[in-house]
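Descriptive analysis of the structure
Residue-level listing of the chains:
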2 protein chains.
Amino acid sequence: MSRKTTILHSETIRSYLKEIDMLPLIEKGFMALSNGLAVVPPVGELIFEKPKGETHIKYGYIKNEPYYIVKVASGFYDNEKIGLSSSQGLMLVFSQQTGQILAILLDDGHLTDTRTAVASMITMKHLATSNVNCVGIIGTGTQAQLQLDYLHLATDCKNIMIWGRDTSKAQAIKLKYEEFGFSVHVASTIKTLAEKSQVIITTTPSQIPLIFEGDVQAGTHITALGSDTENKIELSSEILKHCDILVVDSFAQSQTRGEVYQARKMNFIDESKVIELGQLIQNKSLGRTNDQQITIADLTGVAVQDIMIATAIFEHHKKYINEH
Amino acid sequence: MSRKTTILHSETIRSYLKEIDMLPLIEKGFMALSNGLAVVPPVGELIFEKPKGETHIKYGYIKNEPYYIVKVASGFYDNEKIGLSSSQGLMLVFSQQTGQILAILLDDGHLTDTRTAVASMITMKHLATSNVNCVGIIGTGTQAQLQLDYLHLATDCKNIMIWGRDTSKAQAIKLKYEEFGFSVHVASTIKTLAEKSQVIITTTPSQIPLIFEGDVQAGTHITALGSDTENKIELSSEILKHCDILVVDSFAQSQTRGEVYQARKMNFIDESKVIELGQLIQNKSLGRTNDQQITIADLTGVAVQDIMIATAIFEHHKKYINEH
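This is a predicted model, so every value here is computed, not measured. (Residues numbered from 1 in each chain as written. Chains lettered and ligands numbered in written order. Predicted model: local features only at pLDDT ≥ 70, side-chain atom pairs only at ≥ 80, totals over all residues. Heavy atoms only, no water.)

1. Observations concerning unusual backbone geometry
Residue and element names in this part refer to chain A. Operational definition: Secondary structure elements are taken from DSSP: a helix is a run of H or I of four residues or more, a strand is a run of E of two residues or more, and numbering for both begins at the N terminus. Under the scheme applied here, a residue whose accessible area is under 20% of the maximum for its type counts as buried, over 50% as exposed, and between as partly exposed, the area being computed with a 1.4 Å probe on protein chains only.
The step from Lys50 to Pro51 runs through a cis peptide bond, and the omega angle for that step is -5 degrees. Mapped onto the elements of the fold, Pro51 is located in the loop between β3 (44-48) and β4 (53-62). Within the chain, Asn64 stands out as a residue other than glycine whose phi angle is a positive 65 degrees. Here Asn64 shows up in the loop between β4 and β5 (67-75). What makes Asn64 exposed here is its relative accessible area of 70%.

Listed below in structure tokens is the structure:
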């Protein structure tokens with residue numbers, strides 16, 4: 001049977017991604033989660049010490065769909081020293097009918113990075129004000145760049161401020177993306193970035209808060225992407241305490257990881273205020289009602305995103321094979 | 001990077017297995033587990049209803065070794081109706097240094113079946129009396145046959161009694177294995193089998209007890225392989241209550257699955273009596289002290305077995321490639 005397993009390498013996967021409109025598919029996944037149609041067990045986790053690394057195993061299925069998905073994605077942050085991406089991984093597509101392995105997507109972590117970027121654009125689409133003149137990006141890694149690659153899904157704004165610990169990396173992103181028609185300013189402090197930006201996206205593996213309450217202007221929307229374990233945090237918990245709208249990608253995961261988890265430990269979370277992204281997508285009345293509200297989306301990454309993107313790639317491949 | 005991933009298919013894996021002495025390697029894995037050297041998080045699980053199926057995700061690593069392993073193995077029991085093995089799956093070998101996927105072992109579940117059979121032989125080797133004249137096998141599936149394939153690792157006995165719900169399957173195994181020099185008797189009842197056998201191995205996905213206390217003779221060793229979820233049970237819990245030595249493959253997993261889990265729910269388990277297999281392997285004084293004791297090993301399948309067998313296959317492949 002194993003000879004029938006489709007194996008797709010990174011280049012093929014990247015070419016398919018250009019032909020797929022992922023945003024509505026990922027939205028559909030979040031709605032399935034919030035509507036109880038997704039079976040998504042707790043995330044599996046392995047932590048490594050020498051060198052420091054972490055692996056997440058996310059898996060599950062949507063009922064009455066043909067596949068189930070297992071995704072292995074890791075972050076080994078010393079990889080960059082040897083010229084490797086810190087992000088590694090692959091996705092596996094299995095049959096819900098027989099358990100057979102149907103496809104192996106050797107994406108080197110790119111599908112995880114992509115579905116994360118698309119989820120960020122979904123939060124921006126549903127929560128940002130209508131007057132976005134500047135998008136602030138915290139961090140200069142792969143995910144920071146993907147925010148720019150996918151920004152058109154959520155806004156026409158091409159005016160960017162970027163901040164990173166390593167200014168030379170921020171300068172490199174400026175050079176690269178100004179060639180693509182963006183106007184990119186490298187911020188010297190996060191405070192400056194927050195003053196100018198109507199949308200802030202955090203993309204770091206930080207274990208200490210980077211943005212503080214006084215930094216954030218009325219009307220700002222913040223999407224926090226980086227914190228996905230119990231040790232990571234990017235936003236000072238006071239911001240979550242006082243924000244107007246607080247959205248999580250998964251109620252279940254926000255119990256054990258992410259910004260909401262951190263703020264909940266401080267007793268800063270009004271549980272009645274927390275909305276799941278799949279609810280917001282279906283019910284716009286849960287979202288922003290004026291241009292002064294501060295809104296926050298805390299994304300930890302949910303297996304439904306992996307299910308949707310892996311399914312989309314495999315279906316696209318089957319269609320491609322049939323047509324050629 | 002993904003082009004460098006080694007992909008091994010079932011035929012290659014089966015040919016390598018013939019050249020590897022797995023028993024001491026799997027023993028080493030159990031010892032690592034009992035000695036606190038293995039990082040083995042709880043088993044991930046997906047349950048399917050239409051058709052009925054289950055998937056287990058086992059993963060982990062042994063400290064200071066080069067790899068970490070993720071294994072996906074499923075049982076879809078309607079598969080046989082369409083000519084497919086109920087057992088499906090694959091194993092993934094990753095680098096502990098970078099998180100990169102190094103090898104994909106498309107074993108269709110065969111490595112899981114094999115490491116289970118080898119673990120069974122380890123328990124027999126350490127717990128059976130020295131006078132084994134007959135080995136009783138309950139069940140007629142893949143695992144029942146693998147017990148015969150690997151029996152030589154634990155005993156010279158080739159005298160077998162087998163019982164299955166479907167007598168024609170038991171007859172087919174008799175025909176097949178008598179050609180390999182076994183003497184196989186098809187038992188009409190489990191009671192008859194238990195009367196004649198000094199070792200009994202249960203290999204079914206039963207959800208009701210199959211063997212009862214009165215059936216078991218003094219001196220018998222029983223290895224229960226089949227029960228690996230919270231719903232499955234093969235041995236009446238009274239047997240566990242009154243047995244002399246009770247061994248589990250993993251203390252942690254016996255809290256949530258297997259025969260010990262079932263008996264513990266009845267308050268039938270004297271916790272001070274429960275031994276972990278990796279302890280027994282290192283300390284023979286924990287084992288049988290006379291030929292009248294009834295001993296039980298409850299195996300639920302532990303990720304260290306997957307770590308050891310996947311590592312062995314990948315290392316064997318690298319050696320093979322270097323030599324050719």
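2. Some remarks on the relation of the copies chain B and chain A
Counted only if it meets this: The fit set for superposing copies consists of C-alpha atoms from residues with pLDDT of at least 70 in both; the fit itself is least squares. By definition in these notes, contact holds between two residues if any of their heavy atoms fall within 4.5 Å.
Taken as rigid bodies, chain B and chain A are interconverted by a rotation of 180 degrees and an axial shift of 0.0 Å, the fit giving an RMSD of 0.0 Å. The two molecules are tied by a two-fold rotation axis, judged by turn and shift. Among all residues of chain B, the one whose C-alpha sits closest to the rotation axis is B:Gly44, at a distance of 3.5 Å. A symmetric contact is evident, with 100% of the interface residues of chain B recurring at the interface of chain A.

3. A short note on the sheet that holds strand β14 (residues 274-276) of chain A
All names here are of chain A. What counts, and what does not: A pair of strands is considered paired only if DSSP assigns at least 2 bridges between the two. For helices, the axis comes from a line fit to the C-alpha atoms of the stretch in contact; other axes are also lines fit to C-alpha atoms, and the angle between any two N-to-C directions lies between 0 and 180 degrees.
What the eight strands build is an open sheet, ordered β10-β9-β8-β11-β12-β15-β13-β14; its pairing is parallel. Two strands bound the open sheet, and with one partner strand each, they are β10 (183-186) and β14. On average, each strand axis in the sheet is inclined to that of its neighbour by 20 degrees, with strand direction left out of account. In the sheet, strand β9 (residues 159-163) pairs with β10 via four bridges, with the strands oriented parallel.

4. Let's talk about the environment of B:Ala144
Along the chain, the position of B:Ala144 falls in helix α4 (residues 142-150). The sequence separation of B:Ala144 and B:Ala38 amounts to 106 residues, and the corresponding C-alpha distance is 29 Å.

5. Re the packing of helix α1 (residues 10-17) of chain B against helix α10 (residues 303-323) of chain B
Residue and element names in this part refer to chain B. What counts, and what does not: In these notes the angle categories are as follows: under 35 degrees is roughly parallel, over 145 is roughly antiparallel, 65 to 115 is roughly perpendicular, and the rest is oblique. Amino acids are sorted into nonpolar (Ala, Val, Leu, Ile, Met, Phe, Trp, Tyr, Cys and Pro), charged (Asp, Glu, Lys and Arg) and polar (every other residue, Gly among them).
It is the contact of α1 with α10, at a shortest axis distance of 10 Å, that shows an interaxial angle of 90 degrees. Considering the angle they form, α1 stands roughly perpendicular to α10. Here Ile13, Tyr16 and Leu17 of α1 lie close against α10, whose contacting residues are Ile309, Ile313, His316, His317 and Tyr320. Its residues assigned to classes, the contact of α1 with α10 comprises six nonpolar, two polar and no charged.

6. Section: the sheet that holds strand β12 (residues 221-224) of chain B
Residue and element names in this part refer to chain B. The eight strands lie next to each other as β10-β9-β8-β11-β12-β15-β13-β14, forming an open sheet whose pairing is parallel. In this open sheet, the two edge strands, each paired with only one partner strand, are β10 (183-186) and β14 (274-276). Strand-to-strand twist across the sheet, computed as the mean angle between neighbouring axes with direction ignored, equals 20 degrees. The sheet contact formed by β12 and strand β15 (residues 295-298) spans four bridges and is parallel. Paired with His221 across the bridge in β15 is Thr295. Contacts from helix α3 (residues 110-127) reach β11 (199-202), β12, β13 (245-248) and β15 within the one sheet, and its direction differs from that of β12 by about 160 degrees. Where helix α5 (residues 167-178) meets the sheet, its contacts fall on β9 (159-163) and β10, and the angle it forms with β10 comes to roughly 170 degrees.

7. Overview of the pairing of β5(A)
Residues and elements named next belong to chain A. The buried fraction of β5 amounts to nine of the nine residues, a majority that puts the element mostly inside the structure. In β5, alternate side chains face the same way, and those of Tyr67, Ile69, Lys71, Ala73 and Gly75 on one face and Tyr68, Val70, Val72 and Ser74 on the other are all buried. As defined by bridge partners, β4 adjoins β5 across seven bridges and the pair is classed as antiparallel. Looking across to β5, one finds that His56 is bridged to Ala73. Taking the residues between adjacent antiparallel strands as the criterion, β4 and β5 are bridged by four residues, where Asn64 takes a positive phi near 65 degrees.

8. Some thoughts on the interface of chain B and chain A
For clarity, the threshold we go by: Buried area is understood as the total, over both parts, of accessible area removed when two parts are fitted together, assessed with a 1.4 Å probe. Salt bridges are defined as contacts in which a side-chain nitrogen from Lys or Arg sits within 4 Å of a carboxyl oxygen from Asp or Glu. Two N or O atoms form a polar contact when they lie within 3.5 Å of each other; inside protein one atom must be a possible hydrogen donor and the other a possible acceptor, and for residues adjacent in sequence the pair counts only when both atoms belong to side chains.
Contacts between the two partners involve 45 residues from chain B, matched on the other side by 45 residues from chain A. Together, the buried faces of chain B and chain A total about 3700 Å²; carbon and sulfur atoms form 66% of this surface. On the surface where chain B and chain A come into contact, there are zero salt bridges. Across the contact surface, chain B and chain A share six residue pairs in polar contact (both at pLDDT 80 or more). Counting only elements with at least two residues in the side of chain B that touches chain A, the list comes to β1 (6-9), α1, β3 (44-48), β4 (53-62), β5 (67-75), β6 (87-95) and β7 (101-106) of chain B. Residue classes in the side of chain B that touches chain A are distributed as 23 nonpolar, 17 polar and five charged.

9. Quick word on the pattern of salt bridges
Tallied over the full model, the rule gives 22 salt bridges over all chains. Look at the salt bridges and you will find they share partners, linking A:Lys71, A:Arg115 and A:Asp306 into a network.

10. Some thoughts on the side chain of A:Asp113
All names here are of chain A. The criterion, for reference: Here the positive residues are Lys and Arg and the negative ones are Asp and Glu; neither His nor the chain ends is included.
Mapping Asp113 onto the fold places it in helix α3 (residues 110-127). For the buried Asp113, which has no salt bridge, the nearest side chain bearing the opposite charge is Arg14, at an N-O separation of 6.5 Å. Excluding anything up to four places from it in sequence, Asp113 contacts Ser87, Thr142, Gln143 and Leu146.

11. Section: the confidence of the model for chain A
Note the threshold: Scored from 0 to 100, pLDDT records how confident the predictor is in each individual residue.
Looking at chain A, the pLDDT average stands at 94 and 99% of residues meet or exceed 70. Among the scores for the predicted complex, ipTM is 0.86 and pTM is 0.87.

12. So, helix α4 (residues 142-150) of chain A
Of all the residues in α4(A), the buried ones are A:Gln143, A:Ala144, A:Leu146, A:Gln147, A:Leu148 and A:Tyr150. Buried positions along α4(A) lie against α3, β8 (135-138), β9, α5 (167-178) and β11 (199-202) of chain A.

13. Concerning the packing of helix α2 (residues 22-34) of chain B against α10(B)
Think of two packed helices as two axes; the pair is described by the angle between the axes and how far apart they sit. All names here are of chain B. This is how the line gets drawn: In a left-handed crossing the near helix is turned counterclockwise from the far helix by less than a right angle, and in a right-handed crossing that turn is clockwise.
Relative orientation of the contacting elements α2 and α10 amounts to 140 degrees, with a least axis distance of 8 Å. By the angle between their axes, α2 is oblique relative to α10. Seen from above, α2 lies across α10 with right-handed handedness. From α2, Met22, Leu25, Ile26, Lys28, Gly29, Phe30 and Leu33 reach across to α10, where they touch Val304, Gln305, Met308, Ile309 and Ala312. The residue makeup of the contact of α2 with α10, split by class, is nine nonpolar, two polar and one charged.

14. A few points about the state of the cysteines
Put simply, the rule reads: Note that a disulfide, as used here, is simply two cysteine sulfur atoms within 2.5 Å.
As enumerated under the stated definition, the model contains zero disulfides over all chains in all. Among the cysteines around A:Cys134, which has no disulfide bond, A:Cys157 carries the closest sulfur, lying 6.3 Å off.

15. What about helix α2 (residues 22-34) of chain A?
Residue and element names in this part refer to chain A. Worth spelling out the cut-off: For a helix, the expected span equals 1.5 Å multiplied by the residue count minus one.
In this model α2 runs 19 Å from its N-terminal to its C-terminal C-alpha over 13 residues, within 8% of the 18 Å that 1.5 Å per residue would give. Buried within α2 we find Met22, Leu23, Ile26, Glu27, Gly29, Phe30, Ala32 and Leu33. Where α2 terminates, the next one or two residues include Gly36, which has phi positive at roughly 75 degrees.

16. Structural notes on the side chain of A:Lys273
Residue and element names in this part refer to chain A. The topology assignment puts Lys273 in the loop between α8 (258-265) and β14. Although Lys273 lies buried, it forms no salt bridge, and the closest oppositely charged side chain, Asp270, sits 5.9 Å away as judged by the N-O distance. A polar atom in the side chain of Lys273 sits 3.3 Å from the backbone oxygen of Lys241. Engagement of the side chain of Lys273 in a polar contact is seen with the backbone oxygen of Cys243, the distance being 2.8 Å.

17. So, the pairing of β11(B)
Residues and elements named next belong to chain B. Going residue by residue along β11, you find Val199 and Ile201 tucked away on one face and Ile200 and Thr202 tucked away on the opposite face as well. Pairing of β11 with β12, which is carried by four bridges, proceeds in the parallel orientation. Residue pairing in the sheet places Ile201 in a bridge with Thr223 of β12.

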